[in-house]
Amino acid sequence: MISRRSFLGTAAVLASATAVSGRVQAASIPEAPSTKTTTMQPPIFPTSGPDYQPVVTLNGWTLPWRMNGEWKEFHLVAEPVVREFAPGMKVNLWGYNGQAPGPTIEAVEGDKVRIFVTNKLPEHTTVHWHGMLLPNGMDGVGGVTQPHIKPGQTFVYEFELKHSGTFMYHPHSDEMVQMAMGMMGMFVVHPRDLKFRRVDRDFVFIMSAYLVDPGTSLPKVAEMTDFNMWTWNSRVFPGIDPMPMRLGDRVRVRMGNLTMTNHPIHLHGHRCAVSCTDGGWVPESAQWPETTIDVPVGVIRAFDMVADNPGDWAFHCHKTHHAMNAMGHDIKNFIGVDKRDLARQVRKLVPDYMPMGSTGMAEMGAMEMPLPENTLPMMTGFGQFGPIEMGGMFTLMKIREGLAANDYRDPGEFKHPQGTVAYEVANSSAPSPRRSGPAAQPNAGPKAVKPGSNHKGH
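Residues numbered from 1 in each chain as written. Predicted model: local features only at pLDDT ≥ 70, side-chain atom pairs only at ≥ 80, totals over all residues. Heavy atoms only, no water.

Novice: So what's going on with the overall build of the protein chain? Residues and values would help.
Specialist: Scanning the protein chain for helices and strands turns up three helices and 24 strands. For the protein chain, the proportion of its 458 residues judged to be buried stands at 52%. Taking as baseline every contact in the protein chain between residues at least 6 positions apart, the subset at least 24 positions apart corresponds to 75%. Of the roughly 20800 Å² of accessible surface on the protein chain, 55% is carried by carbon and sulfur atoms. (Helix = DSSP H or I, 4+ residues; strand = E, 2+ residues; numbered from the N terminus. Buried < 20%, exposed > 50% of the residue type's maximum accessible area, 1.4 Å probe, protein only. Contact = heavy atoms within 4.5 Å. Areas by Shrake-Rupley, 256 points an atom, 1.4 Å probe, with all protein chains shown as cover.)

Novice: Run through the packing of aromatic side chains, naming residues and quoting values.
Specialist: All told, the structure shown has 15 aromatic pairs when counted by the stated rule. Each ring, one from Phe227 and one from Trp230, has its centre 5.7 Å from the other, and the planes form 75°; the classification is edge-to-face. Both residues of the pair, Phe227 and Trp230, belong to the buried class. Put simply, the rings of Tyr96, Trp129, Tyr157, Phe159, Tyr169 and Phe187 pair up and form one aromatic cluster. In this structure, Lys72 is placed above the aromatic ring of Trp65, and the distance from its NZ or CZ to the ring centre is 4.6 Å. In this structure, Arg201 packs its charged tip against the face of Tyr408, placed 5.0 Å from the ring centre. (Phe/Tyr/Trp six-rings, centres within 6.5 Å; stacked < 30°, edge-to-face > 60°. Lys NZ or Arg CZ within 6 Å of the ring centre and 35° of its normal.)

Novice: Give me the lowdown on the nonpolar core, citing residues and values where you can.
Specialist: With 34 residues, the main nonpolar core has Ile115, Trp129 and Phe159 as its most contacted residues. Elements that contribute at least two residues to this core include exactly strand E4 (71-86), strand E5 (89-96), strand E6 (105-108), strand E7 (112-119), strand E9 (154-160), strand E10 (165-170) and strand E11 (185-190). Counting residues in hydrophobic clusters, the runner-up holds 32 residues, among them Trp230, Val251, Val295 and Cys317. (Core = buried A, V, L, I, M, F, W, Y, C linked by side-chain atoms within 4.5 Å.)

Structure, rendered in structure tokens:
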């Protein structure tokens, strides 16, 4: 549960990011909401000011605020956290307010924001407001624009949001370690003009990557290229929320990339267009249709689409290894190799030895394999037709007729109309009768392959 108590007091107006100390100042700091929930939380609708369509964060939440005069006040707490990547794997990270990444900050163009940052890490930190145009002293670069925030200190950042768009926040102290440990979040600023490119649903997430050896729970922060956990909001499939949409909805998806490589994000069944970067809105005259949008390192890309094609549509990074979970990158290719004689010899020493890879790796998605503790299968998930064989940066856009506005519950598996599912033919000259897919089960989403589970019935 998200804890949000009554906010009390007032805060002093400061000219730059400055430490807050003493009983008077401490009494004015707003409560710091916190949560460990790993499922997408409902949006926070504005109770005053412009009536914008709020965002929802995949497997995340929006940071509550209080109004103090003309200032909108937030409180971030930098601290160690435990994040579940998917059922069966938890990782020790650093983050904000109980989670990594931190909560999404949401405001409106023209708002004056006051953001308190309390440091509960074992080392100093700062917060940089990535892509935002603000006074130099609020930019959050430790040693350049402000002192570092030492453990136990609280600093405050104050600035006016002069431009709408999609931005990020992350440290600019010991940046390699702190970002590699998961310290990041998204910052969404809605247009003051409520008619400007308004959408019916607005999703946001940030991409991060980790090297976590099987059987362990701490990322290797010095890694530069050989990552094995590719995440959206520090979750991997099948732990990533589906994205429910009502048929006909105009939808925006905002994606931030703070990994060490680019990600070609591919959408099935629809066309879309980049509508916004962290540099601002893209004029409609400069947009073009896409089905795959590349998101470079250190940028955001937001795209708009119309959810006009019902179904369960895959949405994923098109770098194939990024849509898999922990895997050894030194696996040999045994496709076409007959290992039966070798297997007989090895079983004399290791009775349970099982050769794999002679016909590809698909069998990994369906077999029950023992795994080290705190380790996910390389390929996993079961749908209504069998193994999904995915992981990492993968989820489903679930587009349905009749969903209520702002209903983000999983609608279950799609019930395909009669005659619209690919089917087997007995032979090339005699097609079999067309068949429809199985009926949907209520609230039945992809199922994870877990060590020790029996999946023979799928």
